[in-house]
Protein chains: 2
Amino acid sequence: MRVLGVSGSLRQTSHNGQLLRAAASLLPPEARFTEYERLKAIPPFDEDDEPSPPAAVEDWRAAIAEADAILFATPEYNSSIPGQLKNAIDWASRPFKETVLRNKPAAVVGASTSMFGGVWSQAELRKALGAAGARVVDRELPVAGAQEAFDEHGRLLDHDLSLELESILAELLDEVRQRSEVALKG
Amino acid sequence: MRVLGVSGSLRQTSHNGQLLRAAASLLPPEARFTEYERLKAIPPFDEDDEPSPPAAVEDWRAAIAEADAILFATPEYNSSIPGQLKNAIDWASRPFKETVLRNKPAAVVGASTSMFGGVWSQAELRKALGAAGARVVDRELPVAGAQEAFDEHGRLLDHDLSLELESILAELLDEVRQRSEVALKG
């Protein structure tokens, strides 16, 4: 099973990048984790550009298509989704009839230096992914005070949070298994 | 009074561009309307780029700083704000202590080809603007079925919607007047 990790923060040493790697270390051996590292290259969605999508958009869509599941780790900007992450979802969701997000298992977690761990951003991202047709795990993982949340090996210091992350990942992978069973029957 | 119009849609002949121009024609003579046309040039927000913001970001921030009020007209993508518009808000909101959005009067309207006129996108945009410190008119103008909403002169065909738009603009300009009274007293 191929899990694609996507960080909503673009900076090099972001807490959400850390959170993705903490998640990767909790995945079972049958899952292969890759982090998508070219989110910044995706240009603004413009309907006029749809007939010939830029190469960065094709790359992003292909990465989603090849993944069995996507794990988003997102900060919160102005009480909502970081604009560039939402822009990437907007491109991936089009054209609606053939979007690579359709029925794609996805989960959303997030780290934030705030007290609330970015729950609004995570909720809005789940909503947008659902609107685009993805199968979204209906749970959240708000990692608050992100600057102090990880140990020197990049693991979550809070054991309960770590268990919760593991459980969200298990649900995400179950969704993949259910999908492949449906595909075998269909 | 200088009103800056910002369309959340980047395409050339967008319904939201039309809606901005319909709004401009309803403004009183003392208001001067300008449409911001360089939203697409704003690069993805990346905290690593903050120390030396790209020229397109400086241009956007200056346009906001020079305006007395901002009118946003936005479509709805995946039940939320178009990514690139949110990205522009993210840049404008930083650094938080000196954001050009602080106390800036703003209103949000929107046109959409859907039945609901993009109310979720408008609500989320108001929330994000409020989080960034703007003074947001707490009303919405959902122009549904946008492809049939305007006459050949670009006016809203629905007279009630047009009156509502005029009333939202009046509230926006009142906010500007109240701010300048506070400034005179202060």
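You'll find the structure just up there.
No experiment lies behind these values; they were computed from the predicted model shown.

Caption draft 1: Geometry of the pattern of salt bridges. Residues and elements named next belong to chain A. Taken as a whole and judged by the stated rule, the model has 36 salt bridges over all chains. The closest approach of N and O atoms between Glu-35 and Arg-21, which form a salt bridge, is 3.1 Å. You can see Glu-35 sitting in strand β2 (residues 32-36) and its partner Arg-21 sitting in helix α1 (residues 15-26), a full 14 residues away along the chain. With relative accessibility at 22%, the residue Glu-35 sits in the partly exposed group. Residue classification places Arg-21 among the partly exposed residues on the basis of a relative accessible area of 44%.

Caption draft 2: Structural view of the interface of chain B and chain A. Taken together, the 29 residues of chain B in the interface contact 29 residues of chain A. Counting across the chain B and chain A interface gives 6 salt bridges. One salt bridge in this structure joins Glu-47 of chain A and Arg-11 of chain B, with 3.6 Å as the shortest N-O distance. Linking chain B with chain A are 20 residue pairs in polar contact (both at pLDDT 80 or more), by the criterion used here. The element best represented in the side of chain B that touches chain A is helix α3 (residues 83-92) of chain B, accounting for 6 residues. Looking at the side of chain B that touches chain A, its residues break down into 11 nonpolar, 8 polar and 10 charged.

Caption draft 3: Molecular detail of the relation of the copies chain B and chain A. At an RMSD of 0.0 Å, chain B and chain A line up after a rotation of 180° and a shift of 0.0 Å along the axis. Viewed as a symmetry operation, the transformation between the two copies matches a two-fold axis. Closest approach to the rotation axis among the C-alpha atoms of chain B is made by Gly-83 of chain B, whose C-alpha sits 2.3 Å away. A share of 100% of the interface residues of chain B reappears at the interface of chain A, consistent with the copies meeting face to face through the same patch.

Caption draft 4: Just empty space enclosed by the protein, in detail. All chains considered together, the criterion is met by 2 cavities of 30 Å³ or more. Here the largest cavity is characterised by a volume of approximately 40 Å³. Forming the boundary of the largest cavity are Phe-45, Asn-87 and Asp-90 of chain A together with Gly-8, Leu-10, Tyr-77, Pro-82, Gly-83, Gln-84 and Leu-85 of chain B. Looking at the lining of the largest cavity, the elements with two or more residues in it are α3 (83-92) of chain A together with α3 of chain B. The biggest single contributor to the lining of the largest cavity is α3 of chain B, with 3 residues.

Caption draft 5: How the structure looks around the pairing of strand β4 (residues 105-111) of chain B. All names here are of chain B. Along β4, 7 of the 7 residues are buried, which leaves the element largely enclosed by surrounding structure. Burial along β4 is two-sided: the face carrying Pro-105, Ala-107, Val-109 and Ala-111 and the face carrying Ala-106, Val-108 and Gly-110 are both buried. Inspection of the sheet shows strand β3 (residues 69-73) paired to β4 by 4 bridges, in the parallel sense. Looking at the pairing, Phe-72 lines up with Val-108 of β4. For the crossover from β3 across α3 to β4, the handedness is right-handed.

What counts as what
Residues numbered from 1 in each chain as written. Chains lettered and ligands numbered in written order. Predicted model: local features only at pLDDT ≥ 70, side-chain atom pairs only at ≥ 80, totals over all residues. Heavy atoms only, no water. Salt bridge = Lys/Arg side-chain N within 4 Å of Asp/Glu carboxyl O. Helix = DSSP H or I, 4+ residues; strand = E, 2+ residues; numbered from the N terminus. Buried < 20%, exposed > 50% of the residue type's maximum accessible area, 1.4 Å probe, protein only. Contact = heavy atoms within 4.5 Å. Polar contact = N/O pair within 3.5 Å; in protein donor to acceptor, adjacent residues only side chain to side chain. Nonpolar A, V, L, I, M, F, W, Y, C, P; charged D, E, K, R; others polar. Least-squares fit on C-alpha atoms with pLDDT ≥ 70 in both. 1 Å grid on protein atoms, 1.4 Å probe; cavity = no way out; pocket = protein on both sides within 12 Å on 5 of 7 lines; lining within 4 Å. Points joined across faces, edges and corners; volume = space filled by probe spheres on them. Pairing = 2+ DSSP bridges. Right-handed = clockwise from strand over helix to strand, strands pointing away.

Keep in mind these values describe shape, not function.
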